[in-house]
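# What the coordinates show
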Amino acid sequence: MVDPIKLRAISRLGGTLYARCNDVIDLGRPTKAQAHMPPAQYTASYAARAAAAAAAAAAAAVVPSAAPGSAAAAAARKLL
């Protein structure tokens, strides 16, 4: 089985534009009851979890300011 995170896939968008696929989202399949609902209604809980995960990732990505060329700046670049 291929691990999409380790694969670090790149897609060509057109011309000289490329994109890196680095987010993995599991939406699951709707139940029989959900199959008759509009998608926005049964995926609302997934959207809420995705928003919470994005907020947590953004909070974890806060990098303290560092002088350019310092060891702290180099460490911060590795995180990004």
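Residues numbered from 1 in each chain as written. Predicted model: local features only at pLDDT ≥ 70, side-chain atom pairs only at ≥ 80, totals over all residues. Heavy atoms only, no water.

## What about the overall build of the protein?
What counts, and what does not: In this text, helices come from DSSP runs of H or I with a minimum length of four residues, and strands from runs of E with a minimum of two, each type numbered from the N-terminal end. Using a 1.4 Å probe on the protein chains alone, a residue whose accessible area is under 20% of its type maximum counts as buried, one over 50% counts as exposed, and one in between counts as partly exposed. The protein chains shown are the only cover counted for residues, whose accessible areas, like all others here, come from Shrake-Rupley with a 1.4 Å probe.
On a plain count of helices and strands, the protein comes out with 4 helices and 2 strands. In sequence order, the secondary structure elements of the protein are arranged as α-β-β-α-α-α. Buried positions account for 4% of the 80 residues belonging to the protein. For the protein, the exposed area adds up to about 7,000 Å²; of that, 63% sits on carbon and sulfur atoms.

## Notes on the pairing of strand β1 (residues 10-14)
As a reminder of what qualifies: Here a strand pair is declared whenever DSSP counts at least two bridges between the two strands.
Judged by how many residues are buried, β1 sits mostly at the surface: 0 of 5 residues are covered. Where β1 meets strand β2 (residues 17-20), 4 bridges bridge the pair, whose relative direction is antiparallel. Bridge pairing links Gly 14 to Leu 17 in β2. From the end of β1 to the start of β2, which pair antiparallel, there are 2 residues, and Gly 15 there has a positive phi angle of about 65 degrees.

## Let's talk about the confidence of the model for the protein
What counts, and what does not: What pLDDT expresses is the predictor's confidence in each residue, scored from 0 to 100.
Here the protein averages 74 in pLDDT, while 68% of its residues score no lower than 70. Here helix α4 (residues 71-79) stands out as the element of the protein with the lowest mean pLDDT, 64, in contrast to β2, whose mean of 89 is the highest.

## Overview of unusual backbone geometry
Phi is positive for Arg 8, close to 50 degrees, though the residue is something other than glycine. Classification of Arg 8 as exposed rests on a relative accessible area of 52%.

## Looking at the environment of Leu 27
Within the secondary structure, Leu 27 is located in the loop between β2 and α2 (39-42). Sequence separation between Leu 27 and Ala 50 is 23 residues; the distance between their C-alpha atoms is 9.8 Å.

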